[in-house]
Amino acid sequence: MPNMRMDKNPMPVQDPEVRIHNVDEVATGYTAEMAIDEAKRCLSCKHKPCVAGCPVNIHIPEFIARVAEGDFEGAYEIISLTSSLPAICGRVCPQESQCEARCVRGIKGEPVSIGRLERFVADYMREKGETPAVKAEPNGHKVAVVGAGPAGLTAAGDLAKLGYEVTVFEALHTPGGVLMYGIPEFRLPKAIVAHEIDKLKDLGVEFVTNFVVGRASTIDEMMDDGYEAVFVGSGAGLPNFMNLPGEALNGVYSANEFLTRYNLMKAYDENSSTPIQHPTKTVVVGGGNVAMDAARCARRLGSEVHVVYRRSLEELPARKEEVEHAMEEGIIFDLLNNPVAVLGDENGHIKAVECIKMELGEPDESGRRRPVPVEGSNFIIDADCMIMAIGTSPNPLIRQTTPGLDVNRRGCLIVDENEMTTKDGVYAGGDAVTGAATVISAMGAGKKAAAAMHEYLSSKE
Amino acid sequence: MFEITEKRILNPTVEEITVYAPNAAAKAKAGQFIILRTDEDGERIPFTIASADPEKGTVSVIYQIVGAGTRKLSALKQGDSLHDFAGPLGKPSEIEGENVVIIGGGVGCAIAWPTAKAFKQAGKNVTSIVGFRNKDLVILEDEFKDTSDAFYLMSDDGSAGQKGLVTAKLEELIQNGQKIDRVIAIGPLIMMKFVCELTKKYNIPTIVSMNPIMIDGTGMCGGCRLVVDGKMQFACVDGPDFDGHKVDFDAAMKRNRQYLDFEKHKYEEACNLLNKEVDA
Ligand SMILES: Cc1cc2nc3c(=O)[nH]c(=O)nc-3n(C[C@H](O)[C@H](O)[C@H](O)COP(=O)(O)OP(=O)(O)OC[C@H]3O[C@@H](n4cnc5c(N)ncnc54)[C@H](O)[C@@H]3O)c2cc1C
Ligand SMILES: Cc1cc2nc3c(=O)[nH]c(=O)nc-3n(C[C@H](O)[C@H](O)[C@H](O)COP(=O)(O)OP(=O)(O)OC[C@H]3O[C@@H](n4cnc5c(N)ncnc54)[C@H](O)[C@@H]3O)c2cc1C
Ligand code: SF4
Ligand code: SF4
Ligand code: FES
């Protein structure tokens, strides 16, 4: 008999008052009992609407049925058929707009907590200590992967399993991409990302860090060096600014800089040598996951935090859970506002942000109602820190140094239905192709590209 | 791991290390830089490539000890290894203009010397003007002499070379009618600013090398942003060389002072730490 409770089993979380003073994970995860109980809410629908909502089509009812039986290993095997980063996606996927959005249980009550179950299964297996992966028989072919974010890591794993000699070239000193430098520890513990990378090393994947493709070597040079195909998963890391007067003032950060200092360079740790400002009042501009993460990091540094977003609560693009967590942590949402200028003191440090009120007008191309400024409604928010989280674009370095690689007008690499770029043998996927998107879509693109690269190289023989 | 194969003390606060880093050595060009970390939790510190030997797979950098990070680096000896060494980064310098004047100020000479060398090797006529506060701080004098057709050493107090600022010497050359197609100025922001004000007056194209505070050096954080010609530019990918007549130096000077208090504190900590090690 399915469990007909209307709501999800709640996720155990750290108390907000406690967690704003630490960087430990906010959501602590289901116990086995909670997971089994939640799994029983699934109706094993014949037409599986949930599966279509998942960008990599995880066999959702099948894995959940195993969880309900207490067969967590079996569940993991099913998930692994289509996903390679379940511990990560279970934590960070915007489930409410993907798999769970289609769940029939969501029509009357809350959907089945697919993401939490996925996370539980992956955590269970990691804690139990999976048997180390065995290296595939080498097939004698060499391929290169540019960028060690979720797209690159997934492509590397799939190619290694097919017997390719895979080298991942990463610009930073640590692989992981946004998973490492952007998404904070309290949402995605770095040990989990490191564990996934270790699994790839077990599969034989080579990592070359501190290697900026385009400078240390171009893609053409790599191909001359014997890499028969290249996957580009270089992400969309170039931060956008608004070109406001005063944006160059000290104390004004891109979210990437603030998060990199806080996460990758461990500025949250007092013993770290990375400088970071400990603001008293922070204005975060934007409404996506990046804005939520920046706001919550600033909060953990002891600041009062205001999120300034030009639309209303309904349009906030961040994951619902993150918005709720941010609100619990005392972050103030100043919605329907937009900054117009940054004001500085005599030392060149920000002292306030001038904003204007917005109202929602006619819907734009995206179908969302366009925010329009209300004439004469300008007002001032005092602040000693401002974090711009208004999006990122692909870094131009690779396209500038690779003749034959075409991009669209937003600077995103153009690929065909097999993730092949306009240059023979060069594939791409993830944020470098789509612009800033999600971990699971980057992972899905990596998978698809790996399969296509295999086909391409096999047919060349 | 990147081994320090050689270490040279140039003066009490300036040192040169040669590091085994074949990837960087293979591609390094004048004007580019590297980012290193001494240890696993270290800061990412950018330094200009002073020279590179693709055959030996080594890259040399010259640095001044100014804070906690460079102090930690200075504690390493030949045979020790660096945790990370990423490069080359940034755009190479344009080697253009037949008659160039290269101006180096203080430790900026470490950055200016490889540029002088590159111009010389390209067969250009190179005049170098280097300036220091006093004779104890003079670096790379012989190296500059070797790579310059004319060389002028200046010091604030007259204890080395001629007394006076590099801008005074530059103006003297201009007024004496020396043909100058291009000036390249590398040093403290205030020096570059005054060089640019001078060359603007005489309409001489001037390139400056901008060294703002950086983290990733790959164009990801925006921390190195500058205002150039009214537009935002990232020094690590769009530079570090820029048209000096278009750079907003006043804004850059303010940004460089961002973490002064924090760094002073970390520097004292690092000093205390090293003193303790010495005591023990
Ligand atoms: C703060 C933040 C929070 C987010 N939260 C969520 C969330 O909750 N859920 C979600 O689904 N998505 C979230 N996202 C989006 C998600 O992280 C990205 O869509 C995803 O990481 C894209 O993966 P990728 O592999 O394409 O690129 P990235 O993760 O950006 O990785 C690209 C890698 O390539 C490297 N690289 C770039 N250029 C070069 C070069 N020239 N040579 C060598 N290496 C290079 C970079 O250093 C980087 O490591 C968030 C993003 C941010 C910034
Ligand atoms: C592209 C580039 C190339 C460089 N090349 C060289 C070089 O060849 N030789 C050399 O000695 N230095 C060079 N620098 C400067 C060098 O990176 C800094 O001196 C170093 O980061 C200081 O680290 P620290 O931890 O010892 O000092 P900190 O404790 O971080 O700082 C001490 C003092 O130095 C200032 N400072 C910190 N970072 C920088 C910076 N990036 N630029 C200027 N001042 C800074 C601080 O404001 C403070 O006053 C370069 C910088 C850049 C961006
Ligand atoms: S990967 Fe993401 S979208 Fe797919 S089932 Fe898991 S949580 Fe849902
Ligand atoms: S739609 Fe919901 S109830 Fe139906 S199979 Fe999927 S998860 Fe289970
Ligand atoms: S140092 Fe981060 S963008 Fe230049």
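Residues numbered from 1 in each chain as written. Chains lettered and ligands numbered in written order. Predicted model: local features only at pLDDT ≥ 70, side-chain atom pairs only at ≥ 80, totals over all residues. Heavy atoms only, no water.

## What to know about the sheet that holds strand 8 (residues 99-105) of chain B
Residue and element names in this part refer to chain B.
Part 1: Taken together, 7 strands build an open sheet; the order of strands is 11-10-9-8-12-13-16 and the sheet is mixed. The open sheet is flanked by strand 11 (162-163) and strand 16 (241-243), the only strands paired with a single partner.
Part 2: As paired elements, strand 8 and strand 12 (residues 182-186) share 5 bridges and run parallel to each other. Of the residues in strand 12, the one forming a bridge with V100 is R182.
Part 3: The strands touched by helix 6 (residues 189-201) within the sheet are strand 8, strand 12 and strand 13 (206-209), with strand 12 carrying the most contacts at an inclination of about 165°. (Pairing = 2+ DSSP bridges. Helix = DSSP H or I, 4+ residues; strand = E, 2+ residues; numbered from the N terminus. Contact = heavy atoms within 4.5 Å. Axes fitted to C-alpha atoms, helices over the stretch in contact; angles between N-to-C directions.)

## Examining the interface of chain A and chain B
Part 1: With 43 residues of chain A in contact, the opposing surface of chain B contributes 38 residues.
Part 2: Carbon and sulfur atoms supply 54% of the area buried between chain A and chain B, which totals about 3,300 Å² over both sides.
Part 3: In this structure, the connection of chain A to chain B is made through 1 salt bridge.
Part 4: Between K27 of chain B and E221 of chain A there is a salt bridge; the shortest N-O distance is 3.0 Å.
Part 5: Where chain A packs against chain B, one counts 15 residue pairs in polar contact (both at pLDDT 80 or more).
Part 6: Contributing elements (two or more residues each) for the side of chain A that touches chain B: strand 5 (238-239), strand 6 (252-254) and helix 13 (255-264) of chain A.
Part 7: Take the side of chain A that touches chain B: its biggest share by element is 4 residues, from helix 13 of chain A.
Part 8: Looking at the side of chain A that touches chain B residue by residue, the class counts come to 17 nonpolar, 18 polar and 8 charged. (Buried area = accessible area lost by both parts, 1.4 Å probe. Salt bridge = Lys/Arg side-chain N within 4 Å of Asp/Glu carboxyl O. Polar contact = N/O pair within 3.5 Å; in protein donor to acceptor, adjacent residues only side chain to side chain. Nonpolar A, V, L, I, M, F, W, Y, C, P; charged D, E, K, R; others polar.)

## Things to note about the UniProt feature "binding site: [2Fe-2S] cluster" (unreviewed entry) in chain B
Part 1: In the numbering used here, UniProt assigns the "binding site: [2Fe-2S] cluster" (unreviewed entry) feature to C221, C224 and C236 of chain B. The named residues occupy 16 residues along the chain; their greatest pairwise C-alpha distance, 10.1 Å, places them in one compact cluster.
Part 2: In this fold, C221 of chain B is placed in the loop between strand 13 and strand 14 (225-228).
Part 3: With near-sequence residues (within four places) excluded, C221 of chain B lies in contact with P239, S254, N256 and E257 of chain A together with I215 and D216 of chain B.
Part 4: For C236 of chain B, the location among the structural elements is in helix 7 (residues 235-238). (UniProt positions renumbered as here; feature names shortened; annotations may be inferred.)

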